[in-house]
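Observations on the three-dimensional arrangement
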Amino acid sequence: MTIKEAINKVTSVCFSHLQDLNKEEQAIKDKEKFTADALKEEQEQLSKALNIVRETVSNLVDDGK
């Protein structure tokens, strides 16, 4: 597996998890605001982390390292 294939797999898994979190947040947002807010925060943190990982790996691959 190449580095690009690996990062694509990680991205796919993360996006799938983000979608699941979003669905769960939407389903409970009117009933359990605190939990919905926590799910939203988790989505934001996961998204930020994924962007950092993708940028870092992309820079390493582009630099030929």
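**Considering helix α1 (residues 3–28)**
The terminal C-alpha atoms of α1, which comprises 26 residues, lie 38 Å apart, in line with the 38 Å expected from a rise of 1.5 Å per residue. Here α1 has its buried residues at Ile7, Thr11, Cys14, Leu18, Leu21, Glu25 and Ile28. Lining the buried residues of α1 we find α2 (33–62).

**Brief notes about the packing of α1 against α2**
The packing of two helices is summarised by the inter-axis angle and the distance between the axes. The N-to-C vectors of α1 and α2 enclose an angle of 165°; their axes lie 9 Å apart at closest approach. The pairing of α1 with α2 is recorded here as roughly antiparallel in orientation. Where α1 crosses over α2, the two elements pack in a sense that is left-handed. Taken together, the residues of the contact of α1 with α2 break down into 15 nonpolar, six polar and seven charged.

Reading guide: rules and limits
Residues numbered from 1 in each chain as written. Predicted model: local features only at pLDDT ≥ 70, side-chain atom pairs only at ≥ 80, totals over all residues. Heavy atoms only, no water. Helix = DSSP H or I, 4+ residues; strand = E, 2+ residues; numbered from the N terminus. Expected span 1.5 Å × (residues − 1). Buried < 20%, exposed > 50% of the residue type's maximum accessible area, 1.4 Å probe, protein only. Contact = heavy atoms within 4.5 Å. Axes fitted to C-alpha atoms, helices over the stretch in contact; angles between N-to-C directions. Parallel < 35°, antiparallel > 145°, perpendicular 65-115°, else oblique. Left-handed = near helix turned anticlockwise from the far one by under 90°. Nonpolar A, V, L, I, M, F, W, Y, C, P; charged D, E, K, R; others polar.

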